[in-house]
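# Geometric and topological summary
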Amino acid sequence: MSLSKEISKRRTFGIISHPDAGKTTLTEKLLLFGGAIQEAGAVKSNKIKKGATSDFMEIERQRGISVATSVLAFNYKEKKINILDTPGHKDFAEDTFRTLTAVDSVIVVIDVAKGVEEQTEKLVEVCRMRNIPMIVFINKLDREGKDAFDLLDEVEQKLGLSVTPLSFPIGMGYDFKGIYNIWEKNINLFSGDSRKNIEETIAFDDISNPELDKIIGEKHAADLRENLELVYEVYPDFEREAYLKGEQQPVFFGSALNNFGVRELLDCFIDLAPSPRPKQGDVRLVDPYEETFTGFVFKIHANMDPKHRDRLAFIKIVSGTFERNKPYLHVRNNKKLKFSSPNAFFAEKKEIVDISFAGDIVGLHDTGNFKIGDTLTEGEEIRFKGIPSFSPEHFRYINNADPMKAKQLNKGIDQLMDEGVAQLFTLELNGRKIIGTVGALQYEVIQYRLEHEYGAKCTYENFPVYKACWVEAEDPKNEEYQEFLRVKQKFLAKDKKGQLVFLADSAFSIDMAKSKYPSVKLHYVSEFK
Ligand code: G4P
């Protein structure tokens, strides 16, 4: 098969949702359709169960499973589907943000009863900023939930999306009859039997046909006619171009648990969703169909065995093909590297492969060469944009609790930060180290891993910071900037890349700094040029 055929058949995407909306269940049903697994229950939930936040065994278990489910790949109707796992737990949100740099589109799962929840809002905002094409799946229609129109409104208001339904529910909860598929113009009747792979589908072009009353009953038929009239009146026609630009989002309804509406979603997804998209590098836009290989690291995973400190670096192939044993340039280190056992992912297995294509993810064994965001190429010096760090939510000093193990501690901190577990800031004034995290859970993870993987002990001390702002000076030599540096000295730190950061203790101090030093720009993300 030609390079362009291989690439154009790839669909690399992520499923995002608030925990418990049904992401794991939907993933599993998609895999069933692809024949990648044989039975339900095979995909283990990778989420941290409620109330288990300080249970280290749970954290370790989660790390193990999340390697296995990092990428779930399967073939379906001549397409190669790569699902990238995105942790739903909010303490791992940064992980999810980074994974979103490697997807070409996403499916957003929403619980029909709960509507739009906090974590969905945050994740969708990141997708919106990057114009990632999104399909919305409203799940759990077998349960009582919100009115479909109210939900569509809520999705528009809270998520800032422009939706257009491509299916519409008939009844709900105990009275759920099925869905009308606006896209394929047919009715899918709900049987409630999850073992059935194909639901009963009746082609139904003209819903004014009285046959409809016989199939779903008079009341439901009347409701459906009225609802669809409203849908056609209120929502714009679906336009693929608008969807691809991130300007319009199609919506589907169903029940993942009952395997209902999932085939429609998948069939429509493979038709609509984009194949690998071009990616912006610092010097040029890279097209996936270029013959030479480029790729970048979006995730690093420490292996489970503490005796072998090797890690798995996940590379998204941006262009061309990645081949086993071929030397590639590690751009940041200006070093050629060869990989004798690149892993590709298939369902829940990983296996060594000779060749992978743009859109695919390969896992490379790494002994400490890689950092998140690193680029690999065939020689070109290019760096991919779009893997910024966001301001953490929590900040603590990290102290060495065992003076004999200072070296181990520093090495451990260094490597854990490269993996992206948390962010490190070094105070300009005294060189003290501050760890910034999205959730409090990470502090326990770091402490545990430092001890078990590096033999080092640490303690934490609170450091009251409201937000980390990356500093950009219009002119580093001007007096205003010099004064800013002098006055704010106590609050200035360097991040891991050596960029200057202002650790502001309140929203007020950010506002004050902005008005007093207008030529000093403060950014909430590390990548602003
Ligand atoms: P998540 O990955 O988004 O966190 O959600 P997950 O798939 O684990 O689903 C959360 C719960 O919602 C699970 O129940 C799951 O069975 C249920 N669920 C998913 N889809 C549907 C659906 O379409 N209808 C109904 N009624 N329930 C659904 P649980 O009791 O928390 O877990 P489990 O013991 O069933 O695994």
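Summary of the structure given here. (Residues numbered from 1 in each chain as written. Predicted model: local features only at pLDDT ≥ 70, side-chain atom pairs only at ≥ 80, totals over all residues. Heavy atoms only, no water.)

## Quick look at the packing of aromatic side chains
Across all of its chains, the model carries 25 aromatic pairs by this definition. Between Phe296 and Phe384, the ring centres sit 5.9 Å apart and the planes meet at 50°, which makes this aromatic pair tilted. Pair noted here: Phe296 is in strand β14 (residues 294-302) and Phe384 is in the loop between β23 (375-377) and β24 (394-400), with a separation of 88 residues, a long-range link. In this pair, the class of Phe296 matches that of Phe384, namely buried. In textbook terms, an aromatic cluster arises when at least three aromatic residues are bridged by ring pairs, as seen for Phe293, Phe322, Tyr328, Phe339 and Phe370. In this structure, Lys467 is placed above the aromatic ring of Tyr466, and the distance from its NZ or CZ to the ring centre is 5.0 Å. The ring centre of Tyr524 lies 5.7 Å from the NZ or CZ of Lys467, which sits over that ring. (Phe/Tyr/Trp six-rings, centres within 6.5 Å; stacked < 30°, edge-to-face > 60°. Helix = DSSP H or I, 4+ residues; strand = E, 2+ residues; numbered from the N terminus. Buried < 20%, exposed > 50% of the residue type's maximum accessible area, 1.4 Å probe, protein only. Lys NZ or Arg CZ within 6 Å of the ring centre and 35° of its normal.)

## Re the pairing of strand β3 (residues 79-84)
A regular strand places its side chains so that they alternate between the two faces of the sheet. Most of β3 is tucked away: five of the six residues are buried. Where strand β1 (residues 10-17) meets β3, five bridges bridge the pair, whose relative direction is parallel. Pairing of Gly14 across the sheet is with Leu84, part of β3. As paired strands, strand β2 (residues 71-76) and β3 are joined by six bridges and run antiparallel to one another. Residue pairing for β3: Asn75 is matched across the bridge by Lys80. Hairpin geometry of β2 and β3 is characterised by an intervening segment of two residues between the two adjacent antiparallel strands and by a positive phi of about 45° at Lys77. (Pairing = 2+ DSSP bridges.)

## Some thoughts on helix α11 (residues 406-419)
The terminal C-alpha atoms of α11, which comprises 14 residues, lie 20 Å apart, in line with the 20 Å expected from a rise of 1.5 Å per residue. Turning to α11, its buried residues number three or more, namely Leu409, Gly412, Ile413, Gln415, Leu416, Met417, Asp418 and Glu419. (Expected span 1.5 Å × (residues − 1).)

## Overview of the pattern of salt bridges
This structure, assessed with the given rule, holds 32 salt bridges. Measuring nitrogen to oxygen at the nearest pair gives 3.1 Å for the salt bridge that ties Lys80 to Asp360. Of this pair, Lys80 sits in strand β3 while Asp360 sits in the loop between β21 (355-357) and β22 (361-366), and the two are 280 residues apart along the sequence. By sharing partners, the salt bridges in this structure join Lys77, Glu184, Arg263, Glu264 and Asp267 into a single network. (Salt bridge = Lys/Arg side-chain N within 4 Å of Asp/Glu carboxyl O.)

## Observations regarding the sheet that holds strand β25 (residues 423-427)
Read from one edge of the open sheet, eight strands run β27-β24-β26-β25-β29-β30-β28-β31, paired in antiparallel fashion. A single partner strand is all that each edge strand has here, and the edge strands are β27 (458-462) and β31 (520-523). Across this sheet, the average inter-strand angle for adjacent strands is 40°, counted without regard to direction. Bridge analysis of β25 against strand β26 (residues 433-437) gives four bridges, and the strand direction is antiparallel. Pairing of Gln423 across the sheet is with Gly436, part of β26. Across the sheet, helix α12 (residues 441-454) lies against β24, β26 and β27, angled at about 155° from β27, the strand it touches most. Sheet strands in contact with helix α13 (residues 479-487) are β28 (467-473), β29 (492-494), β30 (500-504) and β31, and its direction is about 50° off that of β31. (Axes fitted to C-alpha atoms, helices over the stretch in contact; angles between N-to-C directions. Contact = heavy atoms within 4.5 Å.)

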